[in-house]
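Structural overview
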Amino acid sequence: PMVKGTSNEDEDGSFYGAAFHKDGLLVAFFNSKDIKIVNISKPNDSPISVPMTLEGKSIDVVRFSANGYWLFVGVDGSVFTYDLRKSPMTCIKTDTAAGGKAWDVIPSGKIMATVNRDSKTLVFHEYEKNSNSWKVKNELNIVIPEPAEKILSLTLLYSNDKLGCLIFTPSKSYKFILEES
């Protein structure tokens, strides 16, 4: 889960959002420029700073994966994936051309869906362990009529051989059910 406050004021270094790890021990606090991970079972330990090069862009959203292995960071058209099992954390950048909120990952952490900002189509990326990267698996000809920047959230639902996708915008929600190939 991810929690985000209503204020984007972080000039003083305060954090306005938090993401909770599935084990309940890790919390990632974030603002537009910084992420700190705190282990609440070790309150005297210093927080872990997540290494980021933002190049003038802002952090939109931070989420832990359902399997607990990854930390996903949405930054204005890119998704940064951090492997929490490695020290130091390794990072994979995925250019989604979608905006920071228009993406999600299935619980196994192996498939990511994004919305292409230009074509407004649904794009599926598959994690390739050997190359430690996300590769485009399929770009579906499902067109979302509204601009990608207006997408509030994209949620993947996965069960057996079916993959569902919910996309929410300020004016409408879209639902797609897909057969996995």
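That block above? That's the structure.
The sections below set out a description of the structure shown in this document. As the structure is a computational prediction, the values presented were derived from the model and not from experiment.

In this fold, Leu-84 is placed in the loop between strand S8 (78-83) and strand S9 (90-95). Taking C-alpha positions, Leu-84 is 9.5 Å from Phe-64, a pair spaced 20 residues apart along the chain. With residues near it in sequence (within four places) discarded, Leu-84 still touches His-21, Ile-37, Phe-64, Gly-68, Tyr-69, Trp-70, Leu-71 and Met-89.

Moving on, we get to the pairing of strand S13 (residues 133-143). Taken together, the eight bridges between strand S12 (residues 121-128) and S13 define a ladder with antiparallel strand orientation. Counted as the bridge partner of Glu-126 is Lys-135 from S13.

We now examine the pairing of strand S7 (residues 70-75). Every regular strand shows the same layout, with side chains that alternate between the two sheet faces. Burial runs high along S7: six of the six residues are buried. Neither face of S7 is left uncovered, since the one carrying Trp-70, Phe-72 and Gly-74 and the one carrying Leu-71, Val-73 and Val-75 both have all their residues buried. Pairing geometry for strand S6 (residues 59-64) and S7, over five bridges, is antiparallel. Paired with Ile-59 across the bridge in S7 is Val-75. Following S6, the chain reverses through five residues before pairing antiparallel with S7; Gly-68 in that reversal takes a positive phi of roughly 85°. Here S7 folds back onto S8, and the loop between the two strands holds two residues, one of which, Asp-76, carries a positive phi near 30°.

With that out of the way, let us pick up the sheet that holds S13. Spatially, four strands are ordered S10-S11-S12-S13 in an open sheet, and the strand pairing comes out antiparallel. Looking at the sheet topology across the chains shown, the edges are occupied by strand S10 (103-105) and S13. Averaged over neighbouring strand pairs, the angle between their axes works out to 20° when direction is ignored.

Turning our attention to the pattern of salt bridges. If you walk through the whole model with that rule in mind, you get three salt bridges. Asp-34 is the salt-bridge partner of Lys-36, the closest N and O atoms lying 3.7 Å from each other. Note on Asp-34: relative accessible area 23%, which makes it partly exposed. Residues Arg-63 and Asp-104 are paired through a salt bridge, measuring 3.5 Å at the closest nitrogen-oxygen approach.

With that out of the way, let us pick up the packing of aromatic side chains. Under the counting rule described, the total for this entry stands at four aromatic pairs. Plain terms: the ring middles of Trp-70 and Tyr-127 are 5.1 Å apart, the flat faces sit at 65° to each other, and that makes the pair edge-to-face. Taken together, the residues Trp-70 in strand S7 and Tyr-127 in strand S12 connect sequence positions 57 residues apart. There is no split in this pair, since Trp-70 and Tyr-127 are both buried. Taken together through their ring pairs, the aromatic side chains of Trp-70, Tyr-127 and Trp-134 make up a single cluster. The residue whose ring lies beneath Arg-85 is Tyr-69, and the NZ or CZ to ring-centre distance is 4.3 Å.

Rules used throughout
Residues numbered from 1 in each chain as written. Predicted model: local features only at pLDDT ≥ 70, side-chain atom pairs only at ≥ 80, totals over all residues. Heavy atoms only, no water. Helix = DSSP H or I, 4+ residues; strand = E, 2+ residues; numbered from the N terminus. Contact = heavy atoms within 4.5 Å. Pairing = 2+ DSSP bridges. Buried < 20%, exposed > 50% of the residue type's maximum accessible area, 1.4 Å probe, protein only. Axes fitted to C-alpha atoms, helices over the stretch in contact; angles between N-to-C directions. Salt bridge = Lys/Arg side-chain N within 4 Å of Asp/Glu carboxyl O. Phe/Tyr/Trp six-rings, centres within 6.5 Å; stacked < 30°, edge-to-face > 60°. Lys NZ or Arg CZ within 6 Å of the ring centre and 35° of its normal.

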